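Here's the letter readout for the chains.
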Amino acid sequence: MLLITCPHCGERAQAEFTYERPVQTVIALDAPVEVAVETLYNRANPRGWSWELWRHTHGCGAWLKLHRHTATHEVAAVALLEAGA
Ligand SMILES: [Zn+2]
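Residues numbered from 1 in each chain as written. Predicted model: local features only at pLDDT ≥ 70, side-chain atom pairs only at ≥ 80, totals over all residues.

### Re the pairing of strand β6 (residues 75–80)
Link 1 in the chain: Among the six residues of β6, zero are classified as buried, and the element is accordingly described as predominantly exposed.
Link 2 in the chain: By the bridge criterion, five bridges tie strand β5 (residues 63–69) to β6 in an arrangement that is antiparallel. Counterpart to Arg68 in the pairing with β6 is Val75.
Link 3 in the chain: In sequence, β5 turns back onto β6 through a hairpin of five residues, with His73 there showing a positive phi of about 65°. (Buried ≥ 20, exposed ≤ 12 C-beta atoms within 10 Å, placed from the backbone. Helix = DSSP H or I, 4+ residues; strand = E, 2+ residues; numbered from the N terminus. Pairing = 2+ DSSP bridges.)

### Details of unusual backbone geometry
Link 1 in the chain: Phi is positive for His73, close to 65°, though the residue is something other than glycine.
Link 2 in the chain: Relative to the elements of secondary structure, His73 occurs in the loop between β5 and β6.
Link 3 in the chain: By the C-beta count within 10 Å, which is 11 here, His73 ends up exposed.

Scope: geometric values only; no functional claims are made or implied.
Okay, structure coming up:
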């Protein structure tokens, strides 16, 4: 089980959090269907360290930046997402 340390609430189970898709995956309303399908279903899934956006949905509601290894699920850093970051 992946454990995430929320800066407000402490260590919690992954089930309390929601992974949020990166902003660059937003699809324009007038995008061709091929572009929408490619964006929704064929995302890159690189192996290694990645900065990810998570939300403590079933806790304090904070938005978090996690530095997580996509293969081992090790979490190296957690930080609050600040406005404009
Ligand atoms: Zn929290």
